[in-house]
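Results of the structural survey
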Protein chains: 2
Amino acid sequence: MSRKLLEQNGICPVATTIDLLSSKWKVLIVRDLLTGTKRYSELKQSVAGISQKMLTQSLREMESDGLVTRHAYAVIPPKVEYRLSDLGNSMRPVIETMANWGSVYLDQNPDKRKKLAQSE
Amino acid sequence: MSRKLLEQNGICPVATTIDLLSSKWKVLIVRDLLTGTKRYSELKQSVAGISQKMLTQSLREMESDGLVTRHAYAVIPPKVEYRLSDLGNSMRPVIETMANWGSVYLDQNPDKRKKLAQSE
DNA sequence: CAGCATCCGTCTGGATACTG
DNA sequence: CAGTATCCAGACGGATGCTG
């Protein structure tokens, strides 16, 4: 229903952004690609908890949306790298703003921290 | 599964933010409350396409997450107003950054605009 | 007006097994 | 390593009907 959202909210810029970042996974993938090119297996690691199905599916959609580019090397074993396109990179401020907000929130709500130790 | 995301990604600030803004609807609700207090029926209008079930459910969750406050007036017919808490208001930069990104994106991809006319 | 309760189809997404 | 293919449970969310 992601496309429908855009339709129903017309040309709202916020809805547009959400539309391209439709799932949580995509946001986290962008987050991890902001630091540079990553292999499939690296993403699988850094995006804690994602299944290969969701990772592949998300990457494919992001590719067709022009957020990510895929670079496959004809070697054995296979090696595939993903990196942000210019469009994907332009999302940096969005992710950073989220990161800032989350940091402040975590600072002010120490209880939310208790859960686990760092993951990245 | 929203809480699980936070757990599995540890204390990642980005994941934290996504966690509180877990659904698209919530983002759009915050967007609309940024301009001030709104009644239930007004939100139902401005958040195009949302069902009363989803609206109520989202508002309840946002309330318990401390993003939104609810003010019910004992009149007939009933009147209930919703407004952002300080925490909710602090999300303004997040939504604005999304809006900015979406605006630029729409400007550079005029084809995405064709769909419909303005909705808000 | 502002909900709540319920039914129920749809789709998401995890688990598992297999391949170039 | 980097996927693809299937199965399937459970969550999501719309529609409908009913209240204070």
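Refer to the preceding data block for the structure.
Structure report, in brief. Being a predicted model, the structure only gives us computed values, none of them experimental. (Residues numbered from 1 in each chain as written. Chains lettered and ligands numbered in written order. Predicted model: local features only at pLDDT ≥ 70, side-chain atom pairs only at ≥ 80, totals over all residues. Heavy atoms only, no water.)

Right, let's get into helix H2 (residues 13-20) of chain B. Most of H2(B) sits out of view: 7 of its 8 residues are buried. Along H2(B), the residues classified as buried are B:Val14, B:Ala15, B:Thr16, B:Thr17, B:Ile18, B:Asp19 and B:Leu20. (Buried < 20%, exposed > 50% of the residue type's maximum accessible area, 1.4 Å probe, protein only. Helix = DSSP H or I, 4+ residues; strand = E, 2+ residues; numbered from the N terminus.)

A few words now on the sheet that holds strand S2 (residues 68-73) of chain A. In a beta sheet, neighbouring strands are held together by backbone hydrogen bonds and run either parallel or antiparallel to one another. All names here are of chain A. Sheet architecture is open: 3 strands sit in the order S1-S3-S2, paired in antiparallel fashion. Where the open sheet ends on each side, the last strands, each with one partner, are strand S1 (38-39) and S2. With 6 bridges connecting them, S2 and strand S3 (residues 79-84) associate as antiparallel partners. Directly across from Arg-70, in S3, lies its bridge partner Tyr-82. Packing against the sheet, helix H5 (residues 52-64) makes contact with S2 and S3, and its axis sits at approximately 115° to S2. (Pairing = 2+ DSSP bridges. Contact = heavy atoms within 4.5 Å. Axes fitted to C-alpha atoms, helices over the stretch in contact; angles between N-to-C directions.)

So, about the protein's contact with DNA strand D. Taken together, 19 residues lie around DNA strand D, and A:Ser41, A:Arg70, A:Tyr82, B:Ser51 and B:Lys53 are the ones closest in. For DNA strand D, a base oxygen lies 2.4 Å from a polar atom in the side chain of B:Lys53. Looking at the surface near DNA strand D, the elements with two or more residues in it are helix H4 (40-46), H5 and S3 of chain A together with helix H5 (52-64) of chain B. In terms of residues, the surface near DNA strand D owes the most to one element, H5(A), which gives 4 residues. (Near = heavy atom within 4 Å. Polar contact = N/O pair within 3.5 Å; in protein donor to acceptor, adjacent residues only side chain to side chain.)

Soluble globular proteins tend to pack their nonpolar side chains together in the buried interior. Within the largest apolar cluster, 60 residues are counted, with the highest numbers of intra-cluster contacts made by A:Val14, A:Met98, B:Val14 and B:Met98. Residues in contact with A:Met98, not counting those within four places in the same chain, are A:Val27, B:Pro13, B:Val14, B:Thr17, B:Ile18, B:Val94 and B:Met98. (Core = buried A, V, L, I, M, F, W, Y, C linked by side-chain atoms within 4.5 Å.)

All names here are of chain B. Between the first and last C-alpha of H5 there are 18 Å, a value that for 13 residues agrees with the 18 Å anticipated at 1.5 Å per step. Listed as buried for H5 are Leu-55, Ser-58, Leu-59 and Met-62. Along the axis of H5, the buried residues cluster in a sector spanning 100°; they form a single face. In H5, the exposed positions that point more than 90 degrees away from the buried face belong to Lys-53 and Ser-64. Against helix H3 (24-33), helix H4 (40-46), strand S2 (68-73) and strand S3 (79-84) lie the buried residues of H5. (Expected span 1.5 Å × (residues − 1). Arc of directions from axis to C-beta.)

For the rest of this paragraph, the subject is the pattern of salt bridges. Residue and element names in this part refer to chain A. A complete count under the given rule lists 10 salt bridges over all chains for this structure. The salt bridge partner of Glu-63 is Arg-60, with a shortest N-O separation of 3.9 Å. With Glu-63 and Arg-60 both in helix H5 and 3 residues apart, this pair spans about one turn of that helix. Accessibility expressed as a relative area gives 31% for Glu-63, which makes it partly exposed. Arg-60 gets classed as partly exposed once you look at its relative accessible area, which sits at 37%. Salt bridges sharing partners connect three or more residues here, namely Lys-79, Glu-81 and Arg-83. (Salt bridge = Lys/Arg side-chain N within 4 Å of Asp/Glu carboxyl O.)

Turning our eyes to something else, we now look at the packing of helix H3 (residues 24-33) of chain A against H2(B). Two elements in contact, H3(A) and H2(B), have axes whose closest approach is 10 Å; the angle formed by their N-to-C orientations is 160°. In terms of orientation, H3(A) lies roughly antiparallel with respect to H2(B). The two elements H3(A) and H2(B) cross, and the hand of that crossing is right-handed. Along the contact surface, H3(A) presents A:Lys24, A:Val27, A:Leu28 and A:Arg31, while H2(B) presents B:Val14, B:Ala15 and B:Ile18. (Parallel < 35°, antiparallel > 145°, perpendicular 65-115°, else oblique. Left-handed = near helix turned anticlockwise from the far one by under 90°.)

Now for the packing of H3(B) against H5(B). All names here are of chain B. It is the contact of H3 with H5, at a shortest axis distance of 10 Å, that shows an interaxial angle of 75°. For the element pair H3 / H5, the angle class is roughly perpendicular. Here Trp-25, Lys-26, Ile-29 and Val-30 of H3 lie close against H5, whose contacting residues are Met-54, Leu-55, Ser-58, Leu-59, Glu-61 and Met-62. When the residues that make up the contact of H3 with H5 are grouped by side-chain class, the tally is 7 nonpolar, 1 polar and 2 charged. (Nonpolar A, V, L, I, M, F, W, Y, C, P; charged D, E, K, R; others polar.)

Turning to the layout of surface pockets, a few remarks are in order. Considering only enclosed or pocket space, the largest pocket measures out at about 220 Å³ in volume. In this structure, the largest pocket is lined by 15 residues; those nearest its centre are A:Ile18, A:Leu21, B:Ile18, B:Leu21 and B:Val27. Among the secondary structure elements, those contributing two or more residues to the lining of the largest pocket are H3 of chain A together with H2 and H3 of chain B. Considering only residue class, the lining of the largest pocket consists of 8 nonpolar, 5 polar and 2 charged. (1 Å grid on protein atoms, 1.4 Å probe; cavity = no way out; pocket = protein on both sides within 12 Å on 5 of 7 lines; lining within 4 Å. Points joined across faces, edges and corners; volume = space filled by probe spheres on them.)

Honestly, that's just the spatial picture; any functional story needs more than this.
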